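This is what each chain is made of:
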Amino acid sequence: MQAGVAVQLREVVLRDKPEVLRDASPKATVPVLVLPDGQVLEESFDILQWALSDYEQGTWRPAEPSGLRELIAHNDGEFKRNLDGYKYPDRHLEKSREEYRAAGELWLAELDHRLMLSPYLAGAHPGAADIAVFPFVRQFVNTDAEWFATTGYRALSAWLTAWLASPLFISVMNKYVPWQPGDEPMVFPSP
Ligand SMILES: N[C@@H](CCC(=O)N[C@@H](CS)C(=O)NCC(=O)O)C(=O)O
């Protein structure tokens, strides 16, 4: 949407994944993007890079400079694992919920520190790093909003609040009807 690229959207219910999703991407996580030449992108970061690769206008840039790739990898990797353990402690028994939360909180503290130094993760302007990271921070915060309110990460909190109120985020949070074989293609963003 931000990059002005249109795709065909197929909404998936994770507990009832369509066969074509598994065929395209055996690991069957979402999102998955199938390109016209048959290439399959099955990591959200790769999709982000693809969408922004031709995007010249404005100030958005792919997350290349100054360690942002590592920042996103940490967010998608270790932080996501701690998020899952905190959110679904019954499925992640290696550590207690509090231990997962404490490990995840270290990442919140680091992001808060960065955001005290600049308004966005890449510096003065919003970019790919922000949108790659904030949805997982949102999930972590929402797992126990009362606890988060006691932590005092003010820069992080202001950054998150601004992204949650952004027209970009609001516009992609629409509910869609799950895709079924034979459905008319749905173009996103709608023309
Ligand atoms: N590293 C992957 C992670 C994708 C991922 O884990 N997506 C979750 C939903 S947020 C999923 O599809 N889980 C599969 C499942 O629950 O069966 C990416 O960034 O695309």
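Quick caveat: nothing in here was measured; it's all calculated off a predicted structure.

Calculation criteria
Residues numbered from 1 in each chain as written. Predicted model: local features only at pLDDT ≥ 70, side-chain atom pairs only at ≥ 80, totals over all residues. Heavy atoms only, no water. Axes fitted to C-alpha atoms, helices over the stretch in contact; angles between N-to-C directions. Helix = DSSP H or I, 4+ residues; strand = E, 2+ residues; numbered from the N terminus. Parallel < 35°, antiparallel > 145°, perpendicular 65-115°, else oblique. Contact = heavy atoms within 4.5 Å. Nonpolar A, V, L, I, M, F, W, Y, C, P; charged D, E, K, R; others polar. Near = heavy atom within 4 Å. Polar contact = N/O pair within 3.5 Å; in protein donor to acceptor, adjacent residues only side chain to side chain. Areas by Shrake-Rupley, 256 points an atom, 1.4 Å probe, with all protein chains shown as cover. Salt bridge = Lys/Arg side-chain N within 4 Å of Asp/Glu carboxyl O. Domains from an automatic or database assignment. Buried area = accessible area lost by both parts, 1.4 Å probe.

Attention now goes to the packing of helix 4 (residues 97-117) against helix 7 (residues 154-164). One can describe the packing of helix 4 onto helix 7 by two numbers: an axis separation of 7 Å at closest approach and a directional angle of 80°. Comparing the axis directions of helix 4 and helix 7 gives the class roughly perpendicular. For the pair helix 4 and helix 7, contact is made by L108, L111, D112, L115 and M116 and by R154, A155, L156 and W159, respectively. Broken down by class, the residue content of the contact of helix 4 with helix 7 amounts to seven nonpolar, no polar and two charged.

Residues in contact with the ligand, as listed here, are L14, K17, T29, V30, P31, E42, E43, S44, D76 and K80. K17 has a polar side-chain atom sitting 2.7 Å from an oxygen atom of the ligand. In this structure, E43 approaches the ligand through a side-chain N or O atom, which is 2.7 Å from a nitrogen atom. Protein contacts shield 68% of the accessible area of the ligand, which totals 510 Å² for the unbound molecule. Looking at the shell around the ligand residue by residue, the classes come out as three nonpolar, two polar and five charged.

For the structure on display, the rule yields three salt bridges. The shortest N-O distance in the salt bridge between K80 and D84 comes to 3.2 Å. Here K80 pairs with D84, and both are found in helix 3 (residues 68-87), just four residues apart, close to one helical turn.

A few words on the domain arrangement of the chain. For the chain, the domain assignment lists domain 1 (7-59 + 175-188) and domain 2 (70-170). The straight-line distance from the C-alpha centre of domain 1 to that of domain 2 is 24 Å. At the interface, five residues of domain 1 touch seven residues of domain 2. Surface buried jointly by domain 1 and domain 2 totals about 440 Å² across both partners, of which 71% is contributed by carbon and sulfur atoms. Where domain 1 meets domain 2, there are zero salt bridges. Inspection of the domain 1/domain 2 interface yields zero residue pairs in polar contact (both at pLDDT 80 or more). Across the side of domain 1 that touches domain 2, the residue classes tally to three nonpolar, two polar and no charged.

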